[in-house]
Amino acid sequence: MMALALLPLGWAAWLGVQSGLWWPLALILLISLLTLAAYAWDKRQAIRGGWRIPEARLHLLELIGGWPGALVARHWLRHKTQKGSYRLRFWAIVWGQLLLLGIWVSRPLWQGV
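Residues numbered from 1 in each chain as written. Predicted model: local features only at pLDDT ≥ 70, side-chain atom pairs only at ≥ 80, totals over all residues. Heavy atoms only, no water.

Asks: Describe in detail the packing of helix α3 (residues 55-77) against helix α4 (residues 84-106), supporting the description with residues and values.
Replies: For the pair α3 and α4, the least separation of the axes is 10 Å and the interaxial angle reads 80°. Compared by their axis directions, α3 and α4 come out roughly perpendicular. Contacts between α3 and α4 involve Glu55, Leu58, His59, Glu62, Leu63, Ile64, Gly65, Trp67, Ala70, Leu71 and Arg74 from the former and Tyr86, Arg87, Arg89, Phe90, Trp91, Ile93, Val94, Gln97 and Leu98 from the latter. In the contact of α3 with α4, the residues fall into twelve nonpolar, three polar and five charged. (Axes fitted to C-alpha atoms, helices over the stretch in contact; angles between N-to-C directions. Helix = DSSP H or I, 4+ residues; strand = E, 2+ residues; numbered from the N terminus. Parallel < 35°, antiparallel > 145°, perpendicular 65-115°, else oblique. Contact = heavy atoms within 4.5 Å. Nonpolar A, V, L, I, M, F, W, Y, C, P; charged D, E, K, R; others polar.)

Written out as structure tokens, the structure is:
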């Protein structure tokens, strides 16, 4: 499952090589690192019993493109892996974004039908 995190990064790197557009790769990396940091903070606070990051905010970070970082964080930190409702939303975000990425890669939106 960790290989899924490489799909958007690979696509963005390919886009950079093909067209010189490197900002998608930079954006995906930035949002993913921010999401990973949010997961790490939340895990730390969960252990200490301190203020936690709301689940809705973590999902928002995943939704805006940080799900590769969340996937890595879930694996490395063993955080947010037990709660069924959280996992369901997380995987819905991942598969939804992969579906959109697949549609975009297979038939670019800027080309006519």
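Moving on from the coordinates now.
Asks: Lay out the packing of helix α1 (residues 6-19) against α4 with the relevant residues and their values.
Replies: It is at 11 Å that the axes of α1 and α4 come closest, and there the two elements cross at 25°. The orientation of α1 with respect to α4, classified from their angle, is roughly parallel. For α1 against α4, the interelement crossing comes out left-handed. When α1 is examined against α4, the residues Leu7, Pro8 and Trp11 are found in contact with a partner set consisting of Leu98, Leu101, Trp104 and Val105. Within the contact of α1 with α4, the residues separate by chemical class into seven nonpolar, no polar and no charged. (Left-handed = near helix turned anticlockwise from the far one by under 90°.)

Asks: Now, about α3: what can you tell me, with residues and values included?
Replies: Here α3 contains 23 residues, and its C-alpha end-to-end distance of 16 Å is more than 12% below the 33 Å for a straight helix at 1.5 Å per residue. Taken as a whole, α3 carries its principal kink of about 120° at Gly66; the proline Pro68 stands between one and four residues after it. Just past α3, the residue Arg78 takes up positive phi, approximately 55°. (Expected span 1.5 Å × (residues − 1). Bend = angle between axes of the 7 residues up to and from the residue.)

Asks: Explain the side chain of Glu62 residue by residue, including any values.
Replies: Of note, Glu62 is situated in helix α3. Buried and without a salt bridge, Glu62 has Arg74 as its closest oppositely charged side chain, separated by 6.7 Å. If we skip the residues at most four places from it in the chain, Glu62 touches Tyr39, Trp67, Ala70, Tyr86, Phe90, Ile93 and Gln97. (Buried < 20%, exposed > 50% of the residue type's maximum accessible area, 1.4 Å probe, protein only. Lys, Arg positive; Asp, Glu negative; His and termini not counted. Salt bridge = Lys/Arg side-chain N within 4 Å of Asp/Glu carboxyl O.)

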